[in-house]
Structures are given as structure tokens and as C-alpha cells.
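Fold and contact review
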Amino acid sequence: MSDRGRHVAILLCTRNGARFLPGQLDSIAAQTHTDWRVWASDDASTDATLDLLARYRGDWGDDRLTILKGPGQG
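Below: a short report on this structure. (Residues numbered from 1 in each chain as written. Predicted model: local features only at pLDDT ≥ 70, side-chain atom pairs only at ≥ 80, totals over all residues. Heavy atoms only, no water.)

So, on to the packing of aromatic side chains. Each aromatic ring pair is summarised here by two numbers: the centre-to-centre distance and the angle between the ring planes. Evaluation of the coordinates by the stated rule reveals two aromatic pairs. Ring centres 5.0 Å apart and planes at 75° place the aromatic pair Trp36 and Trp60 in the edge-to-face group. Of this pair, Trp36 sits in strand S2 (residues 36-42) while Trp60 sits in helix H2 (residues 49-60), and the two are 24 residues apart along the sequence. Overall, Trp36 belongs to the buried group, its relative accessible area being 8%. Ring centres of Tyr56 and Trp60 lie 5.4 Å apart, and the angle between their planes is 75°; on these two criteria the pair is classed as edge-to-face. One end of the pair, Tyr56, and the other, Trp60, are both in helix H2, four residues apart, so they sit about a helical turn from each other. Exposure remark for Tyr56: the relative accessible area of 13% places this residue in the buried category. Put simply, the rings of Trp36, Tyr56 and Trp60 touch in pairs and so form one group of aromatic residues. (Phe/Tyr/Trp six-rings, centres within 6.5 Å; stacked < 30°, edge-to-face > 60°. Helix = DSSP H or I, 4+ residues; strand = E, 2+ residues; numbered from the N terminus. Buried < 20%, exposed > 50% of the residue type's maximum accessible area, 1.4 Å probe, protein only.)

Note on placement: Thr14 falls in strand S1 (residues 8-14). Since its relative accessible area comes to 8%, Thr14 is described here as buried. Engagement of the side chain of Thr14 in a polar contact is seen with the side chain of Asp42, the distance being 2.7 Å. Residues contacting Thr14, with those up to four places away along its chain left out, are Leu21, Ser41, Asp42, Asp43, Ser45, Thr49 and Leu53. (Polar contact = N/O pair within 3.5 Å; in protein donor to acceptor, adjacent residues only side chain to side chain. Contact = heavy atoms within 4.5 Å.)

A few words on unusual backbone geometry. As a rule of thumb, non-glycine residues mostly have phi less than zero, and peptide bonds are mostly trans rather than cis. In this structure, Asn16 takes a positive phi of about 50° despite not being glycine. Structurally, the position occupied by Asn16 is in the loop between S1 and helix H1 (21-29). Assessed through its relative accessible area of 33%, Asn16 is described here as partly exposed. Of note in the backbone geometry, Ala44 takes a positive phi value of approximately 60° without being a glycine. With respect to the helices, strands and loops of the structure, Ala44 is situated in the loop between S2 and H2.

Encoded structure:
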């Protein structure tokens, strides 16, 4: 079955996951299917998670990565 015309929505929840985030995001970007978008909901991270997400959004564009503020409840 062809992937043509199939859009993939990737929902990502983050909280203090900076050490894992580059591997996850790089893996998504390396996939052969290219019609995808990431929505990341961060739950009040206190490490570099938000900075990393912002850097990837800068590289990928706003149409590829949306950063949302989660409920902040851990």
C-alpha cells in the first residue's frame, strides 16, 4: 500500500526529557515517509526540553512542529 496522501500526526508528551528528545526527533525526521507533523505538549519541564523543541521547530518550521503548554501536573 502506498503512503501517498497519508498524513501522519505525531503526538508527543514531554516533561524533563531533554536527554532523550534529540534521539526521538531525529528518528522521526529520518523516516522515509515525509508527510508528518509533530505536536509536542510539554508538562512544565525544568530542563532543556523546551529549548530543544524550539530549536527543532526553528529547523523544521512552524508547519512541522507545534509546541503546546501541558497542564503542568507532572
